[in-house]
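Notes for the structure review
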Amino acid sequence: MPLAALGRMHLSRLMKLWRSGGWPSRDAIEIDLLAQGWVTRCTSAAGHETLQLTEAGIRLLAQARQRNLRATSPHDLLAERVAAHLWAAGRIVWRELSLRAQLPPEEAPPGVSESRPPDLWAQEAPPAATLSTGPAAVPVTPAKGGWRMARPDVFSVRNTSVEAYLHPTVHEIKVSRADLLSDLRFNAKRACYQWLCSECSYVFPAGLAEPDEIPEPFGVWVLHGDIASGRLEVLRPARHQPCQLPFAVWLALAKATPVRPEQEPLQAHLGATGATGETGEPGRPEAAPAPPGDSAA
């Protein structure tokens, strides 16, 4: 099976086997990998069977990685740069998350409401508002702001065991002015980001926009030079607000894989004092005052 004929599931399984202990799933994907000689079965002294990548499998992953790097868009490259910077500063970082966020009442789209079926044993009178488009009227509860899916480009928290010190942040990546202006027109989207984090910042190449074009609560990061070797600078720190992550967000983070360079040893940060930037505040590339009430873990 040539590289071009490989599915994403095959490459994803190869990467999972590379990162893990190689416990087999015994499904059709592993039959393909074994038949092509990209993985091999190993049996321990205790009789436990695992799967290990062969030299051919490692070369295959390397080829796919180089192909992906060549196809990466400027938006993804800048997001990877920001994620790597935050990781180097000692934070746990995720990319391309899909998180369910609650909108405040004033930001809810028109007509959004939470409906429920009629209670068969209701002891109280039904609410005045009903949905009468169907054969039977269904009680409708007025909206409390509604929900929508938020997909932050880069989401990160501090590497700490104290919930109060997590300091979740969102960094939205913009590489075109049209995309930035389109994003700024949707108040609901920005409200979702603020609901999910303590600070939210926009990151874009220098000259794309002026800081005063970005709403005041949001931070402004700019990139000077090219994406690979340019310098990140904070033109305006984001306004800090206390944020306690809801359980649904915790569950989404538990299911997702954080950004981690392949050369990082597992449990590398245990017992470490934590990485800091020039100002002692993780995640800030240039000198900027730490937000009020934000103390390191």
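This write-up is about the structure you can find in this document. Because the structure is a prediction, the values reported are computed rather than measured. (Residues numbered from 1 in each chain as written. Predicted model: local features only at pLDDT ≥ 70, side-chain atom pairs only at ≥ 80, totals over all residues. Heavy atoms only, no water.)

1. Looking at a nonpolar patch on the surface
Spelled out, the test is: Like charges within 9 Å and nonpolar side chains (Val, Leu, Ile, Met, Phe, Trp, Tyr) within 5 Å are joined into patches, using only residues over 30% in relative accessible area that form no salt bridge. With residues, only the protein chains shown are counted as cover, and all accessible areas are computed by Shrake-Rupley using a 1.4 Å probe. Salt bridges are defined as contacts in which a side-chain nitrogen from Lys or Arg sits within 4 Å of a carboxyl oxygen from Asp or Glu. Strands here mean DSSP runs of E at least two residues long; helices mean DSSP runs of H or I at least four residues long; both are numbered from the N terminus. Note on classification: 1.4 Å probe, protein chains only; a residue is buried when its accessible area is under 20% of the maximum for its type, exposed when over 50%, partly exposed between these limits.
There is a patch of nonpolar side chains on the surface, built from Phe247, Trp250 and Leu251 and spanning about 330 Å² of accessible area. You can see Phe247 is positioned in helix α7 (residues 247-255). Phe247 gets classed as exposed once you look at its relative accessible area, which sits at 65%.

2. Some points on helix α2 (residues 28-35)
Note on helix geometry: an α-helix contains 3.6 residues per turn, so any two residues three or four positions apart are oriented the same way. Test applied: The arc in question is traced by the directions running from the helix axis to the C-beta atoms.
Looking at α2, one finds that the buried residues are Ile29, Glu30 and Leu33. The buried side chains of α2 occupy one side of the element, clustering within an arc of 90° when seen end-on. Residues of α2 that are exposed and angled more than 90 degrees away from the buried face: Ala28, Ile31 and Ala35. Following α2 by one or two positions, Gly37 adopts a phi angle in the positive range, close to 80°.

3. Brief notes about the pairing of strand β4 (residues 99-102)
Inclusion rule: In short, DSSP must find at least two bridges between two strands for them to pair.
Only one face of β4 is buried, namely the one carrying Leu99 and Ala101, since none of Arg100 and Gln102 on the opposite face is buried. Relative to strand β8 (residues 147-150), β4 runs antiparallel, the two sharing four bridges. Each bridged residue has a counterpart across the sheet, and for Leu99 the counterpart in β8 is Ala150.

4. Some remarks on the packing of aromatic side chains
What counts is decided by this rule: By convention, a stacked pair of Phe, Tyr or Trp rings (six-membered ring in the case of Trp) has centres within 6.5 Å and planes under 30 degrees apart, an edge-to-face pair has planes over 60 apart, and any other such pair is tilted.
Per the stated rule, a full pass over the model turns up two aromatic pairs. Ring plane angle 50° and centroid distance 6.3 Å describe the contact between Trp94 and Phe155, whose orientation is recorded as tilted. Of the two residues, Trp94 sits in strand β3 (residues 91-95) while Phe155 sits in strand β9 (residues 154-158), which places them 61 residues apart along the sequence. In terms of burial, Trp94 and Phe155 fall into one category: buried.

5. What to know about the sheet that holds strand β11 (residues 199-205)
Note the following rule: All axes here are fitted lines through C-alpha atoms, helices being fitted over the stretch that makes contact, and every angle between N-to-C directions spans 0 to 180 degrees.
One open sheet accounts for six strands, arranged β3-β9-β10-β11-β12-β13; its pairing is mixed. Because the sheet does not close on itself, it has two edges, and the strands there are β3 and β13 (231-236). The mean inter-strand angle of the sheet, taken between neighbouring strand axes irrespective of direction, is 25°. Judged from the five bridges that link them, β3 and β9 form a sheet pairing that is antiparallel. Bridging from a neighbouring strand, Val93 pairs with Ser156 of β9.

Geometric descriptors of this kind do not, in isolation, establish any biological role.
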